[in-house]
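# Chain and residue survey
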Amino acid sequence: MPTTHTMRYYQDQENKVFRTIPGMDALMQNPALEAKFPEAAFALEMANSLSTGDNEQNAIHQRAYLAILHGESIAAVRHRYKLDMERYVERHMWDD
């Protein structure tokens, strides 16, 4: 049976992990620094995209977010996310 966690658990994990990402504090105070801190910007984008799009997109966003929380390299997560989104677009580009 899969382990389930509360929203508070994920917020606590996010707070711990996000504090270790270079530039996160600066970016949180000044979103214009996004280009200077791309890893922090990507992590924030994933956190803010958890309920964006259809179910398939949500799953892609959630996989990336959880991978970041589990300590995977943000560069690797970003690469996999990009591939997942490209496959998503290829599958759905002709949908109505």
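Residues numbered from 1 in each chain as written. Predicted model: local features only at pLDDT ≥ 70, side-chain atom pairs only at ≥ 80, totals over all residues. Heavy atoms only, no water.

## Observations concerning the packing of helix α1 (residues 7–19) against helix α4 (residues 55–69)
Relative orientation and spacing of two packed helices are given, respectively, by the angle between their axes and the distance between those axes. For clarity, the threshold we go by: Between N-to-C directions, angles span 0 to 180 degrees; the directions come from axes that are lines fitted to C-alpha atoms, helices contributing only their stretch in contact. Secondary structure counts use DSSP, requiring at least four H or I residues in a row for a helix and at least two E residues in a row for a strand, with both numbered from the N terminus. Should an angle fall under 35 degrees it is called roughly parallel, over 145 degrees roughly antiparallel, and 65 to 115 degrees roughly perpendicular, with every other angle called oblique. Should any heavy atoms of two residues lie within 4.5 Å, those residues are counted as being in contact. Any residue outside Ala, Val, Leu, Ile, Met, Phe, Trp, Tyr, Cys, Pro, Asp, Glu, Lys and Arg is labelled polar, Gly included; the first ten of those are nonpolar and the last four are charged.
Look at α1 against α4: their axes get within 9 Å of each other, and the N-to-C directions meet at 60°. Relative to α4, the element α1 lies oblique. Where α1 abuts α4, its residues Tyr10, Gln13, Glu14, Val17 and Phe18 lie against Tyr65, Leu66, Ile68 and Leu69. Of the residues contributing to the contact of α1 with α4, the split by class is seven nonpolar, one polar and one charged.

## A look at the pattern of salt bridges
What counts is decided by this rule: Definition used for salt bridges: Asp or Glu carboxyl oxygen within 4 Å of a side-chain nitrogen of Lys or Arg. Relative accessibility thresholds used throughout: buried, under 20% of the residue-type maximum; exposed, over 50%; partly exposed, between the two (1.4 Å probe, protein chains only).
In total, this model carries five salt bridges according to the counting rule given. One salt bridge connects Arg8 with Asp12, and the closest N-O pair in it is separated by 3.1 Å. Residue Arg8 and its partner Asp12 are located together in helix α1, separated by four residues, close to a single helical turn. Residue classification places Arg8 among the exposed residues on the basis of a relative accessible area of 52%.

Note that every value here comes from positions in space, so none of it alone points to a role or purpose.
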